[in-house]
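The primary structure of each chain is shown beneath.
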Amino acid sequence: MERGVTFPGIDVIILGADNQIFSVNAIVQIAGRVGRNKDRPSGLVLALIEEKTQVLIRASRQIRFMNEKGLKQLNNVQ
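So, here is what we can say about the structure in this document. (Residues numbered from 1 in each chain as written. Predicted model: local features only at pLDDT ≥ 70, side-chain atom pairs only at ≥ 80, totals over all residues. Heavy atoms only, no water.)

### Focus: the overall build of the protein
When its secondary structure is counted, the protein shows 2 helices and 2 strands. Taken from N to C terminus, the helices and strands of the protein fall in the order β-α-β-α. Dimensions along the principal axes, computed over C-alpha positions, put the protein at roughly 40 × 25 × 20 Å. A separation of at least 24 residues holds for 72% of the contacts in the protein among residues at least 6 apart in sequence. Here the protein has roughly 6,000 Å² of accessible surface; of this, 52% comes from carbon and sulfur atoms. Separation between the mean location of the 11 positive side-chain charges and that of the 7 negative ones in the protein comes to 10 Å. (Helix = DSSP H or I, 4+ residues; strand = E, 2+ residues; numbered from the N terminus. Contact = heavy atoms within 4.5 Å. Areas by Shrake-Rupley, 256 points an atom, 1.4 Å probe, with all protein chains shown as cover. Lys, Arg positive; Asp, Glu negative; His and termini not counted. Charge placed at Lys NZ, Arg CZ, Asp CG, Glu CD.)

Dropping the structure here:
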């Protein structure tokens with residue numbers, strides 16, 4: 001469920017998120033399924049892993065950056 005689906009109010013668990021099949025973009029897209037509802041704009045993204053990989057570190061940084069950017073934009077609108 002990487003792209004094109006929206007389920008309101010969901011949390012996501014990525015099993016084996018440290019597997020090489022997952023790119024930075026894939027992890028970011030999967031995590032982006034969470035919080036797509038104005039009544040519940042946040043949620044849990046849990047990555048089950050055996051080891052921390054560079055892909056996961058980079059994806060986590062990108063997600064944090066985009067969340068901070070979105071929050072700043074939201075605060076500027078209100």
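### Side note on the pattern of salt bridges
For the structure on display, the rule yields 1 salt bridge. Among the salt bridges present, the one from R40 reaches D11, with a minimum N-O distance of 2.8 Å. One end of the pair, R40, is in the loop between α1 (24-31) and β2 (45-48); the other, D11, is in the segment before β1 (12-15), and 29 residues separate them in sequence. Classification of D11 as partly exposed rests on a relative accessible area of 42%. (Salt bridge = Lys/Arg side-chain N within 4 Å of Asp/Glu carboxyl O. Buried < 20%, exposed > 50% of the residue type's maximum accessible area, 1.4 Å probe, protein only.)

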